[in-house]
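Observations on chain architecture
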Amino acid sequence: MTEQLPFKLVKDFGHFELRQYPNYLLAQVQVQGDFVTAGNSAFNPLLRYITGNNELHSQLQMTAPVIQSSVEPDLHLVSFVLPAGVDPKNAPIPIDGKVHVVEVPGHLAVARSFSGMWSFDRFLDQAQKLEEAVQAAVNSKLLSGELVGEPYFARYNSPFTPWFMRKNEALIAFEQKVELTKGQ
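A quick note: this is a predicted structure, and the numbers were derived from the prediction, not measured.

How each quantity is defined
Residues numbered from 1 in each chain as written. Predicted model: local features only at pLDDT ≥ 70, side-chain atom pairs only at ≥ 80, totals over all residues. Heavy atoms only, no water. 1 Å grid on protein atoms, 1.4 Å probe; cavity = no way out; pocket = protein on both sides within 12 Å on 5 of 7 lines; lining within 4 Å. Points joined across faces, edges and corners; volume = space filled by probe spheres on them. Helix = DSSP H or I, 4+ residues; strand = E, 2+ residues; numbered from the N terminus. Nonpolar A, V, L, I, M, F, W, Y, C, P; charged D, E, K, R; others polar. Contact = heavy atoms within 4.5 Å. Core = buried A, V, L, I, M, F, W, Y, C linked by side-chain atoms within 4.5 Å. Buried < 20%, exposed > 50% of the residue type's maximum accessible area, 1.4 Å probe, protein only.

Details of empty space enclosed by the protein
Summed over the entire model, instances satisfying the criterion amount to one cavity of 30 Å³ or more. Considering only enclosed or pocket space, the largest cavity measures out at about 60 Å³ in volume. In this structure, the largest cavity is lined by Leu5, Phe7, Tyr21, Tyr24, Pro65, Ile67, Tyr152, Ala154, Tyr156, Glu169 and Leu171. Those elements that provide at least two residues to the lining of the largest cavity are strand 10 (145–155) and strand 11 (167–176). For the lining of the largest cavity, the residue count by class is ten nonpolar, no polar and one charged.

Shown next, in the form of structure tokens:
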């Protein structure tokens, strides 16, 4: 089974989950083009990196999910999550100048899972539903905090997985507010 980015489920709200992610590493490529084409264009340099196109000629296991975010409407970051055992200080250095290894500090995020095919419009729709569900939870005092930054998207399956078996997620970083009790 493919290693997946670990997280601790803080709370399941039904329409979304609040998760705590540990520090992790990404191999990342910035690609220009439309959303779907960007994901396809970034795949080969990332795959070459994890299969030995690095200064150590090390092979790294493929993990899930593949993460994609949009910097601008036609500029995207596509990332492979590196295996949990890769030390940030000793991560293989990419030979391809398009590939960068990025350390992501531990953080909270809200996530909305969905199945089926993916497209830019589908991800935007799921991100909007996530934002609305989180805002409803904040408004009803079930959750205290705020969304931080832009949505990003996670794909867990290969393109060869039948559409009805695919797992996808829309995610947004979240900053939780701690309510102080009287006298603090």
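Having put the structure on the table, let's press on.
Structural notes on the environment of Phe123
Mapped onto the elements of the fold, Phe123 is located in helix 2 (residues 120–139). Residues Phe123 and Leu171, spaced 48 residues apart in sequence, show a C-alpha to C-alpha distance of 9.9 Å. What Phe123 contacts, discounting residues up to four positions off in sequence, is Phe35, Phe114, Trp118, Phe153, Arg155, Asn168 and Glu169.

Here we look at the nonpolar core
By size, the foremost hydrophobic cluster in this structure holds 20 residues, and its most contacted members are Phe16, Leu18, Val110, Leu130, Val134, Leu143 and Phe174. For this core, the secondary structure elements donating two or more residues are strand 9 (107–115), helix 2 and strand 11. Per-element accounting of this core gives the leading share, seven residues, to helix 2. Non-local contacts of Phe16, meaning those with residues more than four positions away in its chain, are made with Lys11, Val110, Ala111, Leu130, Ala133, Val134, Ala137 and Leu143. Formed by 17 residues, the second largest nonpolar core is a distinct cluster that contains Leu25, Ile50, Val86 and Ala91.

Describing the layout of surface pockets
In this model, the largest pocket occupies a volume close to 430 Å³. Phe43, Val66, Asn157, Ser158 and Pro159 are, among the 19 residues lining the largest pocket, the residues nearest its centre. Elements supplying a minimum of two residues to the lining of the largest pocket: helix 1 (35–50), strand 5 (63–64) and strand 7 (75–81). Per-element accounting of the lining of the largest pocket gives the leading share, four residues, to helix 1. Of the residues contributing to the lining of the largest pocket, the split by class is twelve nonpolar, six polar and one charged. Secondary structure elements with two or more residues in the lining of the second largest pocket: strand 4 (24–32), strand 6 (66–72), strand 7, strand 8 (99–104) and strand 10. Residues of the lining of the second largest pocket, tallied by class, amount to nine nonpolar, five polar and one charged.

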